[in-house]
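# Results of the structural survey
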Amino acid sequence: MKIISLVGARPQFIKEAILNSAARASEAWKHILVHSGQHYDISMSDIFFGELGIPKPTYNLGVGSGTHAETTGAVLIGMEKILLAEKPDALIVYGDTNTTLGGALAASKLHIPIIHVEAGIRMLPRDMPEEINRNLTDRISTVFCCCSDLGAKNLERENLTEGVHVCGDIMLDVIMRMKDKFKYNEIMNKLGLENTPYIVSTIHRDYNVDDPEKLTQIISGLDQIRQLTGFRIVFPVHPRTKRALDKIGSLSVEFLDIIEPLGYLELMSLTQNAEFVITDSGGFQKEAYYSGKRALVLMPDTGWRELVEAGWNILCSPNAEDMMAGYEKIIRQANIPHEIYGNGQASEKIIASIMHELC
Ligand code: UD1
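Just so you know, the residues in each chain are numbered from 1, in the order the chain's sequence is written. Two thresholds apply to this predicted model, a pLDDT of at least 70 for residue-level local features and 80 or more for giving and counting side-chain atom pairs, whereas whole-chain, interface and lining totals are computed over all residues. Heavy atoms throughout the structure, all of them, feed into the side-chain values; hydrogens and water do not.

### Some remarks on the packing of helix 7 (residues 170-178) against helix 12 (residues 264-272)
- Axis angles are defined between N-to-C directions and span 0 to 180 degrees, where every axis is a line fitted to C-alpha atoms and, for a helix, only to the segment in contact. Secondary structure follows DSSP: runs of H or I at least 4 residues long count as helices, runs of E at least 2 residues long count as strands, and numbering of each begins at the N terminus. Here helix 7 crosses helix 12 at 85°, and the two axes come no closer than 12 Å. By the angle between their axes, helix 7 is roughly perpendicular relative to helix 12. Here Met171, Val174, Ile175 and Met178 of helix 7 lie close against helix 12, whose contacting residues are Tyr264, Leu265 and Met268.
- Any residue that is not Ala, Val, Leu, Ile, Met, Phe, Trp, Tyr, Cys, Pro, Asp, Glu, Lys or Arg is counted as polar, Gly included; the first ten are nonpolar and the last four charged. A class-by-class count of the residues in the contact of helix 7 with helix 12 yields seven nonpolar, no polar and no charged. Note on angle classes: values under 35 degrees are labelled roughly parallel, values over 145 roughly antiparallel, values of 65 to 115 roughly perpendicular, and the remainder oblique. The contact definition used throughout considers only heavy atoms, calling two residues in contact when any of these lie within 4.5 Å.

Here is the structure:
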């Protein structure tokens, strides 16, 4: 069986790392990796391949940055050529990026089965780019690998009941298998954080950073939390956010420890000793949970609702007042929910589900 796996953005590299090694271990499976090139900076792409041991992709579409139509369209065109040449038995796509939708569209028009890893996630507002991408990808997928029962229930509500498998979250597999490579002391020394309480914050969503007023509110919320707690705020900065911060002026963010985007091992190592996390990243809010840390989630809604319903993560509007209210909740004692997204065996379950559906 020949399977193509398509990645393009940071969280997808992390997920591919583990599925790739599980697929290569299977004799019945020829695995071909394609990188769309949606993320291309060394700190946004190469570093993940190196530290997670992902083999060099067979193809790189080099789509780069652009409008949604430009990136999605470039992936669609590039993937069609590869799918026609390779004639795979199926295409694996992950999550909700423009790469995901572009690849899925190309495969569906060629009647190549699509395996959607992280299927069935739904969140509001429905017109968010990622929500459009994940909805449409589910519409045309054949095998749905869900992280939890909630994903399967969401699909059922949309009459998608065939080929649905609850496999758990592959990001948990990664963190469990990479734990002994975390370099706690190295990153703490590098950032001068020994014996210093700190928060890790990452903000990159277009709706949070592209509007200077909203971004200023978030910065003000971070500043108030810092003033109240005395905690340092380590802020690995996405290129989109860096540009937006440059526009609103560096003085207002002097209190932040702004650093370049971190690779997987450094970010996870840093998170293990953090007080808590403030983020609008879908992946990082779960990785905080897997690290035993709570997250203040600056999103109107989240696909990882179970963590909010369990009272572990706190959803919060991107303004100073709500962030302070969120902070008051997050410092209270909470019981960590157990095994919401499986037990670290998702990659094996995904491989078994694909074999079951396609062989
Ligand atoms: C994308 C995904 C989002 C995911 C995130 C992970 C979409 C619609 N969104 O958002 O779901 O959570 O990846 O990080 O696909 N840039 C660089 N260098 C890079 C990559 C990006 O400078 O290597 C800059 C460019 O100016 C680009 C901007 O960041 O226009 C945004 O990148 P893009 O890939 O469009 O979206 P993300 O915000 O990263």
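### Regarding the state of the cysteines
- Criterion for a disulfide: a pair of cysteine sulfur atoms at a distance within 2.5 Å. By the definition in use, this model includes zero disulfides.
- In this model Cys145 remains outside any disulfide bridge; the closest cysteine sulfur is found in Cys167, 4.2 Å from its own.
- Accessible area is worked out with a 1.4 Å probe on protein chains only. A residue is then buried under 20% of its type maximum, exposed over 50%, and partly exposed in between. On the basis of relative accessibility, which here comes to 1%, the residue Cys145 falls in the buried class.
- Counting only cysteine sulfurs, Cys146 is the nearest neighbor of Cys147, a cysteine outside any disulfide, at a range of 7.5 Å.
- Residue classification places Cys147 among the buried positions, given a relative accessible area of 5%.

### With respect to helix 15 (residues 320-330)
- The complete set of buried residues in helix 15 reads Ala320, Met323, Met324, Gly326, Tyr327 and Ile330. All buried residues of helix 15 project into a common sector of 160° when viewed along the axis, lining one side.
- Looking at the buried side of helix 15, the elements it contacts are helix 10 (212-229), strand 12 (295-297) and strand 13 (314-315).
- Between N or O atoms, a polar contact is any pair within 3.5 Å; within protein, one atom must be a potential hydrogen donor and the other a potential acceptor, and residues adjacent in sequence are included only when both atoms are from side chains. Near the N-terminus of helix 15, the side chain that reaches the backbone nitrogen of Glu321, with its oxygen 3.2 Å away, is that of Asn319. As used here, the arc belongs to the directions running from the helix axis to the C-beta atoms.

### Description of the site of the ligand
- Taken together, 21 residues sit near the ligand, with Gln38, His39, Tyr40, His238 and Arg243 positioned nearest.
- In the environment of the ligand, an oxygen atom lies 2.8 Å from a nitrogen or oxygen atom belonging to the side chain of His238.
- Within the side chain of Arg240, an N or O atom sits 3.3 Å from an oxygen atom of the ligand.
- Burial of the ligand by the protein chains amounts to 89% of its free accessible area of 750 Å².
- Listing elements by their share of the shell around the ligand, those giving two or more residues are helix 1 (10-24), helix 5 (129-139) and helix 11 (239-248).
- Looking at side-chain class alone, the shell around the ligand contains five nonpolar, nine polar and seven charged residues. Each residue is tested against the molecule or strand, and it is near if at least one of its non-hydrogen atoms lies within 4 Å. Residue exposure ignores everything except the shown protein chains as possible cover, and the areas themselves are Shrake-Rupley values with a 1.4 Å probe.

### Some details on the pairing of strand 8 (residues 198-202)
- Among the five residues of strand 8, five are classified as buried, and the element is accordingly described as predominantly covered.
- Because side chains alternate across strand 8, one face comprises the buried residues Tyr198, Val200 and Thr202, and the other comprises Ile199 and Ser201, equally buried.
- Bridging between strand 8 and strand 9 (residues 232-236) involves three bridges; their strand directions are parallel. Each residue of the ladder has a partner; that of Ile199, found in strand 9, is Ile233.
- At least two bridges found by DSSP between two strands is the condition for calling them paired. Where strand 8 and strand 11 (residues 277-279) come together, three bridges link them in parallel fashion. Each bridged residue has a counterpart across the sheet, and for Val200 the counterpart in strand 11 is Val277.

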